[in-house]
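Here's the letter readout for the chains.
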Amino acid sequence: MKKKIVVLSGAGMSAESGISTFRDAGGLWENYDVMQVAHIDSWQTNRDLMLKFYNERRKQLASVEPHEGHKIIAELEADFEVVVVTQNVDNLHERAGSSNVIHLHGELTKACSSKDKECVVDIGYNEIHPGDQAADGSQLRPFIVWFGEAVPEIERAAFEVSQADILIIVGTSMQVYPAAGLIHYARRGIPIYLIDPAEVNVPARVEVIRKTAGAGLALLKEKLVP
Ligand code: APR
């Protein structure tokens with residue numbers, strides 16, 4: 001039976017594809033007020049700006065490509081059972097070939113009803129406009145987990161981490177919960193690797209690879225694949 005690798009990825013995973021992270025210098029939250037564009041409380045008062053913000057993110061996504069690091073994670077499926085748990089709302093893991101991806105914070109290429117987040121439709125890279133309606137007649141909204149909202153996929157993600165033989169954390173500042181708490185579901189003694197060019201606060205048992213995603217994953221693949 002193949003060993004199971006769970007990859008926890010964050011915005012730094014997409015950085016080398018040209019998508020900005022949130023909390024680095026020049027990151028998205030330096031240029032936008034997170035409360036205005038990514039908090040559920042703003043949806044009633046700030047709807048048009050929120051739609052525009054995510055329309056821009058979706059448009060940018062259409063113009064970028066997965067990088068070598070995404071491809072390495074997909075290639076690991078030849079030797080391991082791989083589950084990717086990502087905080088990213090882009091589809092770069094899937095486009096690189098990963099077949100089992102859990103999106104904790106939603107997906108840019110989907111929209112949902114403002115009344116019922118389970119009423120979801122694929123929209124690809126198209127825009128959502130004020131007045132666009134979901135099947136239930138409510139305003140269509142980005143299928144994104146905003147601050148202040150539940151994270152429905154967290155239980156499935158925690159289960160996957162608890163089943164992992166190897167955990168790889170890549171490109172996340174580990175500051176946003178509940179995602180940052182997933183590391184605590186790893187079984188005692190399994191190898192845990194963290195790939196990030198900056199310092200991230202993680203338990204001492206974690207092996208830190210202080211490199212960018214592409215370079216760090218290439219190094220780790222050599223170590224993991226005989
Ligand atoms: N390769 C790997 N890591 C990188 C790279 C790179 N090329 N460039 C930057 N990083 C690292 C940064 O050092 C940082 O630790 O990626 C991390 C990005 O952290 P954040 O911007 O905080 O992104 P993330 O952890 O994914 O944010 C979590 O916050 O705003 C919300 O919903 C949003 O999903 C997001 C969540």
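Everything here concerns the structure above.
Procedures and definitions
Sequence order as written defines residue numbering, which begins from 1 separately in each chain. With pLDDT at 70 or above as the cut-off, local features in this predicted model cover only qualifying residues; side-chain atom pairs require 80 or more to be listed or tallied, and sums for whole chains, interfaces and linings still use all residues. With hydrogens and water stripped out, all remaining heavy atoms of the structure feed into the side-chain values. Here, any two strands with at least 2 DSSP bridges between them count as paired. Secondary structure elements are taken from DSSP: a helix is a run of H or I of four residues or more, a strand is a run of E of two residues or more, and numbering for both begins at the N terminus. In this description, a line fitted to the C-alpha atoms serves as the axis of each element, helices being fitted only across the stretch in contact, and the angle between N-to-C directions of two axes falls anywhere from 0 to 180 degrees. When a residue's accessible area, from a 1.4 Å probe over protein chains only, is under 20% of the maximum for its type it is buried; when over 50% it is exposed; and in between it is partly exposed. Here the arc refers to the set of directions running from the helix axis out to each C-beta atom. Contact criterion: two residues are considered in contact whenever any of their non-hydrogen atoms come within 4.5 Å of each other. Two kinds of site are reported from a 1 Å grid over the protein atoms alone, namely cavities, where a 1.4 Å probe fits but cannot get out, and pockets, open sets with protein on both sides within 12 Å along at least five of seven lines, and residues are called lining when an atom falls within 4 Å of a point. Grid points are joined across faces, edges and corners, and a volume is the space filled by probe spheres set on the points. Gly is put with the polar residues, along with every residue not named as nonpolar or charged; the nonpolar set is Ala, Val, Leu, Ile, Met, Phe, Trp, Tyr, Cys and Pro, and the charged set is Asp, Glu, Lys and Arg. Nearness is judged by heavy atoms alone; a residue qualifies as near a molecule or strand once a single heavy atom is within 4 Å of it. Polar contact criterion, stated in full: a pair of N or O atoms within 3.5 Å, where within protein one must be able to donate a hydrogen and the other to accept it, and residues adjacent in sequence count only if both atoms are side-chain atoms. Working definition of accessibility: Shrake-Rupley area with a 1.4 Å probe, residue cover restricted to the visible protein chains. A pair of aromatic rings is counted whenever rings of Phe, Tyr or Trp (Trp by its six-membered ring) have centres within 6.5 Å, and the orientation is called stacked for planes under 30 degrees apart, edge-to-face for over 60 and tilted otherwise. Two conditions define a charge located above a ring, namely a distance within 6 Å from the ring centre to NZ of Lys or CZ of Arg, and an angle within 35 degrees of the ring normal.

Participant: Now, about the sheet that holds strand β5 (residues 120-122): what can you tell me, with residues and values included?
Facilitator: Taking strand neighbours across the sheet as the criterion, the three strands line up as β5-β4-β6 in an open arrangement whose pairing is antiparallel. Of all strands in the sheet, those bounded by a partner on one side alone are β5 and β6 (140-144). For this sheet, the mean angle separating the axes of adjacent strands, direction not counted, is 45 degrees. Judged from the three bridges that link them, strand β4 (residues 106-113) and β5 form a sheet pairing that is antiparallel. Considered in β5, the bridge of Cys112 is made with Val120.

Participant: Run through helix α7 (residues 154-162), naming residues and quoting values.
Facilitator: All of the buried residues in α7 are Ile154, Ala157, Ala158, Glu160 and Val161. For α7, the angular spread of the buried residues around the axis is 160 degrees, confining them to a single face. Looking at the buried side of α7, the elements it contacts are β1 (4-9), β2 (81-86), β3 (101-103) and β7 (166-170).

Participant: Give a description of empty space enclosed by the protein that names residues and reports values.
Facilitator: In the structure shown here, the tally under the stated rule is one cavity of 30 Å³ or more. Within this model, the largest cavity holds a volume of roughly 40 Å³. Around the largest cavity, the lining residues are Leu8, Val85, Gln87, Leu104, Thr172, Met174, Ala179, Ala180 and Leu182. Of the residues belonging to the lining of the largest cavity, the class tally is seven nonpolar, two polar and no charged.

Participant: Mind laying out the site of the ligand, listing which residues take part and the relevant values?
Facilitator: Residues in contact with the ligand amount to 23 residues; listed here are only the nearest, Arg23, Trp29, Thr172, Ser173 and Asp196. Between the ligand and Arg23, the relevant distance is 2.7 Å, taken from an oxygen atom to a side-chain nitrogen or oxygen of the residue. Contacts to the ligand include Gln87, whose backbone N or O atom sits 3.1 Å from an oxygen atom. Bound to the protein, the ligand loses 92% of the 740 Å² it would expose on its own. Of the residues in the shell around the ligand, the class split is ten nonpolar, nine polar and four charged.

Participant: Report on the packing of aromatic side chains, specifying residues and quantitative values.
Facilitator: Scanning the model with the defined rule gives six aromatic pairs in all. Here the aromatic cluster, defined as three or more aromatic residues joined through ring pairs, consists of Phe22, Trp29, Tyr32, Trp43, Phe53, Tyr54 and Trp146. In this structure, Arg57 packs its charged tip against the face of Phe53, placed 4.6 Å from the ring centre.

Participant: Can you tell me about the pairing of strand β8 (residues 192-195), naming the residues and giving the values?
Facilitator: Where burial is concerned, the two faces of β8 agree: the one with Ile192 and Leu194 and the one with Tyr193 and Ile195 are both buried. Bridging between β7 and β8 involves four bridges; their strand directions are parallel. In the strand pairing of β8, Ile169 is matched with Leu194. Judged from the three bridges that link them, β8 and strand β9 (residues 207-209) form a sheet pairing that is parallel.

Participant: Talk me through unusual backbone geometry; I want residue IDs and the actual numbers.
Facilitator: That bond from Tyr177 to Pro178 is cis: its omega, 10 degrees, falls within 30 degrees of zero. Mapping Pro178 onto the fold places it in the loop between β7 and β8. Of note, the phi angle at Met174 is positive, near 55 degrees, even though the residue is not glycine. With respect to the helices and strands, Met174 occurs in the loop between β7 and β8.

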